[in-house]
Amino acid sequence: MVLAKAYLHRMRLSKTKFIGITGSAGKTTTTNLCRLILSAFYPVTGSQGSLNTPFATAETLLATEKKHEFCILEIGGFKTGALDLPMRLFTPKISVLTNIGKEHISAFKGKGEGVEGIAAEKAKLIKALPVDGTAVLNIDDARVKAIGEQCRARIIWVGRDEGAIIRLLEATSRYPESLKLKIAYQGKTYKVITQLHGTQLALSVLSALGVAVAAGISLEDAIPPLVEAQPEDGRMQIVDGGEGVTFIRDDYKAPLWSLYAPLEYLGEAIATRKIAVIGSVSDFYGDKYKQFAREARKHADIVIFVGQSAHRALRARKDENDQALQGFATMRETADYLRKILQPGDLVLLKGSSKVDHLERLVLDRQQAIQCWRERCGLEIFCYNCSQQYKESSTSHSTQLTIYPIEANEAVPTGVVHPGTTITTVIVGLGNPGKEYENTVHNIGYRVIDTLATRHNGIWQTVETGQVCSIELNDATVKLFKPDAFMNLTGPKLQHFLTSTGCPPSHCIIVHDDMDIELGKVKYKREGGDAGHRGVKSCLAALGTYAVPRIRFGVREPGSDKKAGEQVLTDFSATALTQLPQLIEQAMAKILQTIPETTSPDI
């Protein structure tokens, strides 16, 4: 119904000229820069925010009045056929194609189209131009150039290439200074001053100037309004974080190809200390986290990854004492860490996906303690427009164990452990309940804490979630816990037990088998991912943090080429059984070494 009304309404707008803008990046900034310039000379309307779906186009058309000389429409090419409906609603007089990247590529892979499919979809806006129309095209993008070569309308090429009609000669943007351009047009050189940040936005400025020329405005007249150009929300937006801390919010979206420019901007910035916070990246997988973490460290003093795959980036740490690279599973943990380390003069880049991460909460929380820390809420609005931000949500962190990495003798985050509280360390042995599993490799965690209990006269008691006993270690009371659940389902039982005891995950030590370590070695791991261990994976997922200390008991026997799944439910060999007592002693010694770290009475 809305589409039909928009079509009929457009028929009455005989004098309004339509400007369509598409591309893989820079659409919203280009749209708003066009509005800024054109509105100084004509009555103008157009798309609001980043709304670029067919229905958003229809609603913009319905809001357009006969008095409007131009209607500027941002058009999204997010899947095959996405431009078909918009192209039925209006015929562009001016079309802009900024660039063609891999954004939304998964929506095109099903038909084997890939990037070429994306190019074909966005080309529809250019093909829709009448002969007397004008295309404003990025000459530096090979795919855009190829589309332009098939265009029957007039073309205004923009970019660095010598063939550009509006040519970029120089772009500078070094924080705290804003973006400035030097451009050439028709034999003359011009200086353009904006309040934008990042040279990657130069293309949007050039494109907007191209639209102005196509609309009959001289370049001399089009340039002055750009001095008022402000960054869009979440697009290289400079925000005061209070107490001398400044944030760069580039958190609207984060495909991999978009990460490097803001990082380079951060690296070149003038600041006391530079910190990068990286959220969800749409096409990250496997070793890309490790590779990108190494790249990010070239530009920042501290790099922080956030999300369920953040632990993958920690593989790029130089050693176990390397604190310049951090990873947190949740935004709440990240906020507490930043609250702890940020100091006057810091410049903090936030790069992620607004729909998934809502990184702007890290800024808002410094102004007023926020209450909604939901992960992946799915809302496509910024948090400052959300009613839940300062209202406790039924699905927020309040329904879960509040989790933060807590070092010995350091301040505990508000709402986690109150000052004066004695924290009891919990040592968890992973295993499978039942007689048939007693001697299996997977049950070494049970064996270790059984030995601890016997050595220190602990008496096991059955509780709702498993078996528990209390012992004294290093003059502190410690609880031993064996979850009453099969290995892969351990997490919920552990989460429930820790909640009932008031123990934060950072004061919980998990003892488990590790097929990546040879029999005879016992290692301590302070934090990090699950390394493929499904029991550990269940625990980390339930607790929502990677900051859980672990004792990793090597169980891979020399010469064994069995996969982990084939070996963990088999019994220890006779040879291995003779070594176990000594190895269990090593594991208990490791535990004793960690108790001072994890137990902090009377904080």
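A few points on the structure. (Residues numbered from 1 in each chain as written. Predicted model: local features only at pLDDT ≥ 70, side-chain atom pairs only at ≥ 80, totals over all residues. Heavy atoms only, no water.)

**A closer look at helix H8 (residues 202–214)**
Consideration 1: The terminal C-alpha atoms of H8 lie 18 Å apart, and with 13 residues this matches the ideal 18 Å at 1.5 Å per residue to within 8%.
Consideration 2: Where H8 ends, the next residue or the one after it, Gly216, has phi of about 95°, a positive value. (Helix = DSSP H or I, 4+ residues; strand = E, 2+ residues; numbered from the N terminus. Expected span 1.5 Å × (residues − 1).)

**Some words on the nonpolar core**
Consideration 1: Counting 88 residues, the largest nonpolar core has Leu38, Ile166, Ile183, Leu209 and Phe305 as its most contacted members.
Consideration 2: Counting residues per element, this core draws most heavily on H8, which supplies 10 residues.
Consideration 3: Contacts of Leu38, omitting those with residues within four sequence positions, involve Ile19, Val44, Phe70, Val211, Ala212, Ala215 and Ile217. (Core = buried A, V, L, I, M, F, W, Y, C linked by side-chain atoms within 4.5 Å. Buried < 20%, exposed > 50% of the residue type's maximum accessible area, 1.4 Å probe, protein only. Contact = heavy atoms within 4.5 Å.)

**Quick notes on the pairing of strand S16 (residues 425–429)**
Consideration 1: By the criterion of burial, S16 is predominantly enclosed, with 5 of the 5 residues buried.
Consideration 2: In S16, alternate side chains face the same way, and those of Thr425, Ile427 and Gly429 on one face and Val426 and Val428 on the other are all buried.
Consideration 3: Here S16 runs beside strand S19 (residues 476–483); their pairing, made up of 4 bridges, is parallel. Opposite Thr425, over in S19, you have Val478 as the bridge partner.
Consideration 4: Direction of pairing for S16 relative to strand S20 (residues 508–518): parallel, over a ladder of 4 bridges. Residue pairing across strands places Ile427 opposite Ile509, the latter belonging to S20. (Pairing = 2+ DSSP bridges.)

**Some words on the environment of Gly307**
Consideration 1: Tracing the backbone shows Gly307 in the loop between strand S13 (302–306) and helix H12 (310–313).
Consideration 2: Gly307 sits in the buried class, given a relative accessible area of 15%.
Consideration 3: Counting along the chain gives 68 residues from Gly307 to Glu375, while the straight-line C-alpha distance between them is 8.7 Å.
Consideration 4: Once residues within four sequence positions are removed from consideration, Gly307 is found in contact with Phe328, Ala329 and Tyr546.

**Some thoughts on the pairing of strand S8 (residues 180–185)**
Consideration 1: Of the strand pairs in this sheet, strand S7 (residues 166–172) and S8 are connected by 6 bridges, and their pairing is antiparallel. Residue Ala171 lies in a different strand from S8, and its bridge partner there is Leu181.
Consideration 2: With 6 bridges joining them, S8 and strand S9 (residues 188–193) adopt antiparallel strand pairing. The residue of S9 that forms the bridge with Tyr185 is Lys188.
Consideration 3: What sits between S8 and S9 in their antiparallel hairpin is a turn of 2 residues, with Gln186 showing a positive phi close to 50°.

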